[in-house]
Amino acid sequence: MASILRFRKLCYVEQAVKCASVGFESFDQSPKIDQKLDKKEEEVISANNFALEIIKKRKQPRKQPKEWRRLDSCCWMIGYLCSTWWLLLFLYHSLPVTLLQVPESPGVRLKREGLAALHPVVLVPGIVTGGLELWEGQPCADGLFRKRLWGGSFTEIFKRPLCWLEHLSLHSETGLDPPGIRVRAVPGLVAADYFAPGYFVWAVLIENLAKIGYEGKNLHMAAYDWRLSFQNTEIRDHALSRLKSKIELMYLTNGYKKVAVVPHSMGVIYFLHFLKWVETPPPIGGGGGPGWCAKHIKAIMNIGPAFLGVPKAVSNIFSAEGKDIAYIRAMAPGLLDSKILGLQTLEHVMRVSRTWDSIVSLVPKGGETIWGNMDWSPEERHACDFSRKRHSQPSPIDNNVNNSDVKRGFRVKDPVQYGRIISFGKTASQLHSSQLPTIDSKEFLRTSASQNLNFSCGEAWTEYDEMSREGIQKVAANKAYTTQTLLDLLRFVAPKMMLRAEAHFSHGIADDLDNPKYNHYKYWSNPLEMKLPDAPDMEIYCLYGVGIPTERSYVYKLSPTSGCKSIPYQIDSSVNGEDGSCLKGGVYFADGDESVPVLSAGFMCAKGWRGRTRFNPSGIATYIREYRHKPPSSLLEGRGIESGAHVDIMGNVALIEDILRIASGATGKEIRGDRIYSDILRMSERINLRL
Amino acid sequence: MSAIRRRKPINESDKTSEASDSKPHKEKEEEQHGDDDGSDKDKKKIPSKIKKKHEEKQPKWSCLDSCCWFIGCICVTWWLLLFLYNAMPASFPQYVTEAITGPLPDPPGVKLKKEGLKAKHPVVFVPGIVTGGLELWEGRKCAEGLFRKRFWGGTFGEVYKRPLCWVEHMSLDNETGLDPCGIRVRPVSGLVAADYFAPGYFVWAVLIANLARIGYEEKTMYMAAYDWRLSFQNTEARDQTLSRIKSNIELIVATNGGKKAVVIPHSMGVLYFLHFMKWVEAPAPMGGGGGPDWCSKHIKAVVNIGGPFLGVPKAIAGLFSAEAKDIAVVRAIAPGFLDNDIFQLQTLQHVMRMSRSWDSTMSMIPRGGDTIWGGLDWSPEEGYSCAKKRERKNDTQIAEEAGVESAVSQTRSAKYGRIISFGKDVAEAPSSDVERIDFRDAVKGHSAANTTCRDVWTEYHDMGFGGINAVAEYKTYTAESIVDLLHFVAPKMMARGTAHFSYGIADNLDDPKYKHYKYWSNPLETKLPNAPEMEIFSLYGVGLPTERAYIYKLSPAAECYIPFQIDTSADDEETCLKDGVYSVDGDETVPVLSAGFMCAKGWRGKTRFNPSGIRTYIREYSHSPPANLLEGRGTLSGAHVDIMGNFALIEDVIRVAAGASGEELGGDQVYSNIFNWSEKIDLQL
């Protein structure tokens, strides 16, 4: 195939050259020469020598076509490509499936071991991975009824971007539908099996579950509208009631077998919310009574749990720059930079994503106690020689704690101040706190009250447009923010959003969990302000990937062009640390799964809920299962079967095996309890939280 | 792309070029086409030779080049058109349609929204047979890579790619009527299960879209998808489908402030939902344990669309000789498919083997026997004339004329009671002239067909010639003897079927035997639930010729073949006989009698089948075909599936969903002779 193609190309290059020459028609060729040529050519063919032939042709002047123009060559080229493409496609389709030897999936292996479907399984998808479809729209979205706006092929972004953004936004005051627009979650397994064609989320896990006997009646996807705050999914769509009824039904129809729940990412805190909601009496809760969870739930297997929030959410809200929390960037990398939306893509993204309450649920919780203050952080002595060494020597170490001890031998000299989640300028991120100017963050609130609205920008797009110059400067003057002061900062820069969202989410630590105020639903999704239900037989697993640098804190700067309708802050991507430092492109990295730092994913299971604590009064057993990231060894593997990345981990063979075993009846002890590679236990020890 | 289409323009392009020699061209083309389909090994060698030869004869414009050029042209035009199509504003086709046909009426949803209607009662859809999608959850080797892909519905790509594999996966186990070993095909769930049957062929989509206009969405609509191949009770035994429906209706009613649900079953879904209503109130081991007032608590109205309450004659032809005109849309999807015999002359047997493993088809065998469907010399539809129907089509005031017309006595009329007759003469002769030899005691001959007919197995091969002749000797069958006939020709299937369905009329409904689930889907052997506030609607199309009785003959090639086939040579204008099929008024699949009788008489008022006096309403929709191609399948259609896009029907459904009662809709709306026919049926009420 390739040789033909090359040969063709040569011929036409040659011809084109000849066409260009002016005097070629003066060579009037006689048919005799033609015949001679014929014979010669045939000889050449028998010799199968292409090159020689071409040389000869060059020597022999010949009659040239007049009609072979550029347009024709274009058509020819396209035709050629198409035919080749079709041929390959045809061959690919007629290829027997077995030719591509796929490694045996864990489902098949475990089936041979004798595992069979036992406990019904409920999957709870996370943020952005669930599909959304249109039920009612503005005229610009004509013909898109029940078509996917989010998930799938995203063709609408390119066709009518502004219309698309308008429909995905929520009402900026209520956090619910804007008038005349109804965008709803896609129900069923299709909601999040593939995010985009070929980009699996749950599909691999579903397929493996099916191998041991799962099907529609004992496998359910609890799809919800991930843009809404958790309580609003119940108010608008009855999503929590539906989930409750589904779990009850599956429990009944599967011979009174308890349900195993598998939430992912934000789904983890959504399900925490559900746990509290379902046992709370009716007006605000589901009225399931105090024993509901103990009766219906066997285990919660949290994948990549964002229990204590993710720093990414901060940068996303602050400057719409969260590296990839909303896959928007991953899908359309050029989209944001080429500014086809009239130079304001980021502003548009910010405007839309700030109407989504759910993002606020991911702002780091627990304040300085958990995430560290100006001079201290639990990950402080973390070595940043990320993973590269680990990959080259994948030694099967069961007890990894020793290993990380060794590594701490060659740690970086100056400890990273992870506690300062946002700092303005590199120096501010490294200086000792005594050298930093101290401005009480409460001062913002006073400033914002006296801000003079700048209406010269016309319609205010983002809330930054309503901020005064002085306000913006003042934010930058404060130099460094910890998770505690960060909340004040967000309240200052995005007052409306925080006002809306803080009615639904809380980010503190409870002093006294018996205080009746904690019966309010805004505390239900914060593991530090809620008690786990009374279900001593339940098990909670934290399954997450480690070994990938994960965003932990940011170095910001003021944007150079801070005119109208622009975001005044941006990550200072020019800031880089020396080799082996955790600072890269203005972001300090820590260990994690690329989205969620180990601290957020593991702390509750490692310490907060371990044993009988005030957060876990009934002593629900917790297990930590970490999966070390290993990039795919070849392209054929796609996204890898040993990945530890936030979403790709759903295709991790070891993780799938664990889930299958638990779903088919194993307990945490039977899959050999904890499996830890990171420093999570040490980090947790350093956190001084009353239990 | 076909070779023919490609060749023509090439020659044209050759003509335009200075190359005059066209003969070698053609040869080259032949070779070239061979290459296209061949493996790429050949492609490597041969084309290079051809090319070289060409290179020196006409160095500038070889055949391959022309081909490529041509394909290139087509691709470019295609892309251009595609681009234009995509860039076109969405309202453009509508604009064109309006320019040609004048302004379109508003879709009912928009119209009623303007009237101020709003979503009120939650809506439950129950799809019928064949329209629901099925997907693969576990399969044999040959179906690798099809996990959770649609096996039924959608594009049916697998039918063409691996037909035998497909048939194997679609069949159920011959004895249990459940999954064969190692295969799990399950219904698709959610609204996608039956919104479109195939791309562009809507089933529920239009209704869903119109309901959405007045505010319905996922939380207020529920598609009760079930595996339509199983018998009704087996959907519960295998998938717990009935429990799911119960739980979902309870949920949907609870989350919508206690407003009762409006249930909209279509086709076989009507029977399925009848079964459900009995199941849900029956006590726990066999039923759902919902208690005796579950229906009255949860259901506002049952809006049956095209309901085959008393079965359809089509089902008989389907079971008897796999020739049902389109009951299993198999033929509709692939019209050439069955006749081409790409399965090596055995397509029909494969279809028969597959569909005989589906218990659900037996739920549609005509019920009520001779009392309902007529005896040898009598039938309720007697006097119906097809010629009249032609005229009717354009007539708008049918209802008034109907009475007058029926008074005009017909000299000769079809004897619809004889559902199957062997030979046209038998179908028409008075019963006294028909000599019948009872087949029931006939000894089935032994046949060695099993070994010679490869693995294609239908029960006919167990019958032998003796049995086959005995069947033909009985000459003619009425609805009652049909059931015996099926027992005779397909004992295994019917053994399975009679465990789940029953076709009789109950003498005493209080007999405890009627507590068994096999009677639940037969309206003549069940009592409606005790729910006096519920309403039952029967919505169906009329004005289309619908299969009612058949003329059969013995097939010429008997061995390894289905021994009976419809005698398509029999025609008679006057008695509605066409291609061996007597037709009667209906919606192309369900005769009016089956769709309307229960609501017109069986359940009207307080009867023994309807002890609590649930109100019933009949809404008929007279069929008128789409005026032009642009209308697609029409907004005034009365055909069995197309009626789901009928604007008048949609309007009625939306009004009911938004809270209207049957009286507010205007009560009955009747175009056919259903009341006359019902009167003729002598059924104790």
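Nothing here was measured: the structure is a model prediction, and the numbers come from that model.

**Observations concerning the overall build of chain A**
Alright, step 1. The number of helices and strands found in chain A is 27 helices and 17 strands.
Alright, step 2. Of all 691 residues assigned to chain A, the portion counted as buried reaches 56%.
Alright, step 3. By sequence separation, contacts in chain A at least 24 residues apart represent 76% of the contacts at least 6 residues apart.
Alright, step 4. Approximately 28,800 Å² of chain A is accessible, and the part contributed by carbon and sulfur atoms is 57%.

**A few points about unusual backbone geometry**
Residues and elements named next belong to chain B.
Alright, step 1. Backbone geometry at Lys475 places phi at a positive 70°, although glycine is not the residue there.
Alright, step 2. The class of Lys475 is partly exposed, set by a relative accessible area of 25%.
Alright, step 3. One non-glycine residue, Glu588, adopts positive backbone phi at about 90°.
Alright, step 4. Taking the relative accessible area as the measure of exposure, Glu588 reaches 36% and is therefore partly exposed.

**Points about the confidence of the model for chain B**
The predicted structure's coordinates, where accompanied by low pLDDT, should not be read in detail.
All names here are of chain B.
Alright, step 1. Summing up the model confidence of chain B, the mean pLDDT is 78 and the portion of residues at 70 or higher is 76%.
Alright, step 2. The low-confidence segment residues 326-344, where pLDDT is below 50, has 31 contacts with residues more than four positions distant or belonging to other chains.
Alright, step 3. Segment residues 388-411 is flagged for pLDDT under 50; beyond a separation of four residues in sequence, or across chains, it makes 27 contacts in the model.
Alright, step 4. For this predicted complex, the interface score ipTM comes out at 0.79, while the overall pTM is 0.81.

**Looking at the state of the cysteines**
Alright, step 1. Using the criterion set out here, one finds 3 disulfides over all chains in the structure.
Alright, step 2. Note that A:Cys140 is cross-linked by a disulfide to A:Cys163, the S-S spacing being 2.1 Å. For the disulfide bridge between A:Cys140 and A:Cys163, the dihedral angle about the S-S bond is near 85°, and by the sign convention the bridge is right-handed. Here A:Cys140 is found in the loop between strand 2 (132-136) and strand 3 (148-150), whereas its partner A:Cys163 is found in helix 7 (residues 161-168), with 23 residues between them in sequence.
Alright, step 3. Disulfide pairing places B:Cys142 opposite B:Cys165 at an S-S distance of 2.1 Å. Between B:Cys142 and B:Cys165, the S-S torsion sits near 80°, and that sign places the bridge as right-handed. Residue B:Cys142 is located in the loop between strand 2 (134-138) and strand 3 (150-152), and its partner B:Cys165 is located in helix 8 (residues 163-170); the two are separated by 23 residues in the primary sequence.
Alright, step 4. Summary of cysteine pairing: B:Cys295 is not part of a disulfide, and the nearest cysteine sulfur, belonging to B:Cys599, is at 16 Å.
Alright, step 5. Here B:Cys295 falls in the buried class, since its relative accessible area comes to 0%.

**Quick notes on the environment of A:Glu166**
All names here are of chain A.
Alright, step 1. You can see Glu166 is positioned in helix 7.
Alright, step 2. Overall, the relative accessible area of 37% leaves Glu166 in the partly exposed class.
Alright, step 3. For the pair formed by Glu166 and Glu470, sequence separation is 304 residues and the distance between their alpha carbons is 31 Å.
Alright, step 4. Contacts of Glu166, omitting those with residues within four sequence positions, involve Gln138, Cys140 and Ile181.

**Observations concerning the environment of A:Ile317**
All names here are of chain A.
Alright, step 1. Relative to the assigned elements, Ile317 resides in helix 13 (residues 311-319).
Alright, step 2. For the pair formed by Ile317 and Val493, sequence separation is 176 residues and the distance between their alpha carbons is 9.5 Å.
Alright, step 3. Excluding its chain neighbours within four sequence positions, the residues that come into contact with Ile317 are Met350, Arg354, Ile359, Val360, Val363, Leu490 and Met497.

**Considerations on the confidence of the model for chain A**
All names here are of chain A.
Alright, step 1. With 73% of its residues at a pLDDT of 70 or more, chain A shows a mean pLDDT of 77.
Alright, step 2. Ignoring residues within four places in sequence, the model shows residues 1-5, a span with pLDDT below 50, making 10 contacts including any to other chains.
Alright, step 3. Every residue in residues 446-460 scores below 50 in pLDDT, and together they form 16 contacts with partners more than four places removed in sequence or on other chains.

**Concerning the sheet that holds strand 4 (residues 184-187) of chain B**
All names here are of chain B.
Alright, step 1. Pairing in this open sheet of 3 strands is antiparallel, and the strands run 3-2-4 from one edge to the other. Looking at the sheet topology across the chains shown, the edges are occupied by strand 3 and strand 4. Averaged over all pairs of adjacent strands, the angle between their axes in this sheet comes to 45°, without regard to strand direction.
Alright, step 2. The pairing of strand 2 with strand 3 spans 2 bridges and is classified as antiparallel. Directly across from Glu135, in strand 3, lies its bridge partner Arg150.

**What about the sheet that holds strand 8 (residues 261-265) of chain B?**
Residue and element names in this part refer to chain B.
Alright, step 1. Pairing within the open sheet is parallel, and its 6 strands lie in the order 7-1-8-9-12-17. The sheet terminates laterally at strand 7 (221-223) and strand 17 (615-622), the two strands that pair on one side only. Taken over all neighbouring pairs, the strand axes of this sheet differ in orientation by 15° on average, direction set aside.
Alright, step 2. Summarising the sheet, strand 12 (residues 535-542) and strand 17 pair through 8 bridges and their orientation is parallel. Considered in strand 17, the bridge of Ile536 is made with Thr616.
Alright, step 3. Where helix 11 (residues 241-255) meets the sheet, its contacts fall on strand 1 (123-126), strand 7 and strand 8, and the angle it forms with strand 7 comes to roughly 175°.
Alright, step 4. Sheet contacts for helix 12 (residues 268-281): strand 1, strand 8 and strand 9 (299-305); angle to strand 9, the most-contacted strand, approximately 150°.

**Let's talk about the pairing of strand 1 of chain B**
Residue and element names in this part refer to chain B.
Alright, step 1. With burial as the criterion, each face of strand 1 is covered, one bearing Val123 and Phe125 and the other bearing Val124 and Val126.
Alright, step 2. As paired strands, strand 1 and strand 7 are joined by 3 bridges and run parallel to one another. When the sheet's bridge partners are listed, Val123 is paired in strand 7 with Met221.
Alright, step 3. Strand direction decides the pairing type here: strand 1 and strand 8, joined by 4 bridges, are parallel. Of the residues in strand 8, the one forming a bridge with Val126 is Pro265.

**Side note on the pattern of salt bridges**
Alright, step 1. In this structure the tally under the stated criterion is 49 salt bridges over all chains.
Alright, step 2. Across the pair A:Asp674 and A:Arg610 runs a salt bridge whose closest N-O atoms are separated by 2.7 Å. Placement of the pair is A:Asp674 in the loop between helix 26 (653-663) and helix 27 (680-686) and A:Arg610 in the loop between helix 25 (598-608) and strand 17 (621-628), with a sequence separation of 64 residues.
Alright, step 3. Here A:Asp674 falls in the partly exposed class, since its relative accessible area comes to 32%.
Alright, step 4. Among the ionic pairs, B:Arg548 bridges to B:Glu381, the shortest N-O distance being 2.9 Å. With a gap of 167 residues between them, B:Arg548 in strand 13 (residues 544-554) and B:Glu381 in the loop between helix 18 (369-373) and helix 19 (386-394) connect regions that are remote in the sequence.

**Considerations on the nonpolar core**
Alright, step 1. Within the largest apolar cluster, 173 residues are counted, with the highest numbers of intra-cluster contacts made by B:Phe125, B:Trp152, B:Trp204, B:Trp228, B:Ile264, B:Phe320 and B:Ile420.
Alright, step 2. When residues of this core are assigned to their parent elements, the largest contribution, 10 residues, is made by helix 12 of chain B.
Alright, step 3. Membership of the second largest hydrophobic core comes to 164 residues, among which are A:Val201, A:Ile247, A:Ile472 and A:Leu655.

**Looking at the packing of helix 8 (residues 203-211) of chain A against helix 26 of chain A**
Residue and element names in this part refer to chain A.
Alright, step 1. The geometry of helix 8 relative to helix 26 is characterised by a closest axis approach of 10 Å and an angle of 45° between their N-to-C directions. When the axis of helix 8 is compared with that of helix 26, the two are oblique. Handedness of the crossing formed by helix 8 with helix 26: right-handed. Taken together, the residues of helix 26 that come into contact with helix 8 (itself represented by Val204, Leu205, Asn208 and Leu209) are Ile656, Ile659 and Leu660.
Alright, step 2. Each residue belonging to the contact of helix 8 with helix 26 can be placed in one class, and the counts come to 6 nonpolar, 1 polar and no charged.

**Quick notes on the packing of aromatic side chains**
Any pair of aromatic rings gets described here by the distance separating the centres and the angle formed by the planes.
Alright, step 1. If you walk through the whole model with that rule in mind, you get 46 aromatic pairs over all chains.
Alright, step 2. Note on A:Tyr521 and A:Trp524: the rings are 6.4 Å apart at their centroids and 65° apart in plane angle, and the pair reads as edge-to-face.
Alright, step 3. A:Tyr521 sits in the buried class, given a relative accessible area of 15%.
Alright, step 4. Judged by relative accessible area, which is 1%, A:Trp524 ranks as buried.
Alright, step 5. With 6.5 Å between their ring centres and 70° between their planes, B:Phe422 and B:Tyr477 make a pair best called edge-to-face. Of this pair, B:Phe422 sits in strand 10 (residues 420-422) while B:Tyr477 sits in strand 11 (residues 476-477), and the two are 55 residues apart along the sequence.
Alright, step 6. In this structure an aromatic cluster arises from ring pairing among A:Trp150, A:Trp164, A:Phe195, A:Tyr199, A:Trp226 and A:Trp356.

**What to know about the packing of helix 9 (residues 205-213) of chain B against helix 27 (residues 647-657) of chain B**
Residues and elements named next belong to chain B.
Alright, step 1. Following both chains from N to C, one finds helix 9 and helix 27 inclined at 45°, their axes separated by 10 Å at the closest point. Here helix 9 lies oblique to helix 27, going by the angle between them. Remark: the crossing between helix 9 and helix 27 carries right-handed chirality. For the pair formed by helix 9 and helix 27, the contact residues are Val206, Leu207, Asn210 and Leu211 on the first element and Ile650, Val653, Ile654 and Ala657 on the second.
Alright, step 2. Of the residues in the contact of helix 9 with helix 27, the class split is 7 nonpolar, 1 polar and no charged.

Calculation criteria
Residues numbered from 1 in each chain as written. Chains lettered and ligands numbered in written order. Predicted model: local features only at pLDDT ≥ 70, side-chain atom pairs only at ≥ 80, totals over all residues. Heavy atoms only, no water. Helix = DSSP H or I, 4+ residues; strand = E, 2+ residues; numbered from the N terminus. Buried < 20%, exposed > 50% of the residue type's maximum accessible area, 1.4 Å probe, protein only. Contact = heavy atoms within 4.5 Å. Areas by Shrake-Rupley, 256 points an atom, 1.4 Å probe, with all protein chains shown as cover. pLDDT = per-residue confidence, 0-100. Disulfide = S-S within 2.5 Å. Pairing = 2+ DSSP bridges. Axes fitted to C-alpha atoms, helices over the stretch in contact; angles between N-to-C directions. Salt bridge = Lys/Arg side-chain N within 4 Å of Asp/Glu carboxyl O. Core = buried A, V, L, I, M, F, W, Y, C linked by side-chain atoms within 4.5 Å. Parallel < 35°, antiparallel > 145°, perpendicular 65-115°, else oblique. Left-handed = near helix turned anticlockwise from the far one by under 90°. Nonpolar A, V, L, I, M, F, W, Y, C, P; charged D, E, K, R; others polar. Phe/Tyr/Trp six-rings, centres within 6.5 Å; stacked < 30°, edge-to-face > 60°.

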